[in-house]
Each structure stands twice: as structure tokens, then as C-alpha cells.
Amino acid sequence: MKLFDIILFVLVFVTFIVGVDQAIVVGLAESYWIFMFSLTLLFLYGYRKGQRQTREKEALKKSSNKQKKKKRKHG
């Protein structure tokens, strides 16, 4: 996990907690935008996580294919 992803994950929780606090103090209608911002950050985090997992699977698949070719060539 990269530093940016960690920061993004922490920001999701911080903005959600701030939204809950503001919902208690001024009401849900006034703090709606904070919850939407938190949800946007959560979607961004999920998208980046999915992209990272896809890249890791492709890299693993490529490395396993190279090892199979080496075994056929030498074995």
C-alpha cells in the first residue's frame, strides 16, 4: 500500500467522523456535503485498490509464465 492510499483511507474516516459531529451539532441537511465528500474519497480509494490488485495479478501471471518457459527450455 502506498503512502497516498494510506492518507486517502485515513481521510475517509476523518471526514466521516467530522460529518457525524456536524450532523449532531447543526443537522444532517447542513452536513450532507461532508458525507458526500467522504463517500467520494471512499470510491476513489476502492478504485485505486482495484487497479493495484489488477496490476499485481498481471505481474504475477507474467512472472509465472516466464518461469514455465524457463522450465520447458531447460527441462
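These numbers were taken from a predicted model, which means no experiment stands behind them. Throughout this description, residue numbers start from 1 for each chain and increase along the sequence as written. Residues qualify for local features only when their pLDDT is at least 70, as the model is predicted, and side-chain atom pairs are given and counted only at 80 or more; totals for whole chains, interfaces and linings, by contrast, use all residues. Each side-chain value is derived from all of the structure's non-hydrogen atoms; neither hydrogens nor water enter the calculation.

**Description of helix α1 (residues 3-25)**
Helix and strand labels come from DSSP, where a helix needs a run of H or I of at least four residues and a strand needs a run of E of at least two; each type is numbered from the N terminus. Every helix has an expected span of 1.5 Å times one less than the residues it contains. The end-to-end C-alpha separation of α1 is 33 Å, in line with the 33 Å expected for 23 residues at 1.5 Å each. Per-residue accessibility, obtained with a 1.4 Å probe over protein chains only, is compared with the maximum for each type, and a residue is labelled buried under 20%, exposed over 50%, and partly exposed between these values. Turning to α1, its buried residues number three or more, namely Asp 5, Leu 8, Val 12, Thr 15 and Gly 19. Taken from the residues just after α1, Gly 27 is the one with a positive phi, measuring 110°.

**Some details on the pattern of salt bridges**
We define a salt bridge as a side-chain nitrogen of Lys or Arg found within 4 Å of a carboxyl oxygen belonging to Asp or Glu. Scanning the entire structure with this criterion turns up two salt bridges. For the salt bridge of Asp 5 with Arg 48, the shortest nitrogen-to-oxygen distance reads 2.6 Å. Pair noted here: Asp 5 is in helix α1 and Arg 48 is in helix α2 (residues 32-74), with a separation of 43 residues, a long-range link. On the accessibility criterion, Asp 5 (2% relative accessible area) is buried. Arg 52 is the partner of Asp 5 in a salt bridge, and the nearest nitrogen-oxygen pair spans 2.8 Å. In this pair, Asp 5 is assigned in helix α1 and Arg 52 in helix α2, connecting sequence segments 47 residues apart.

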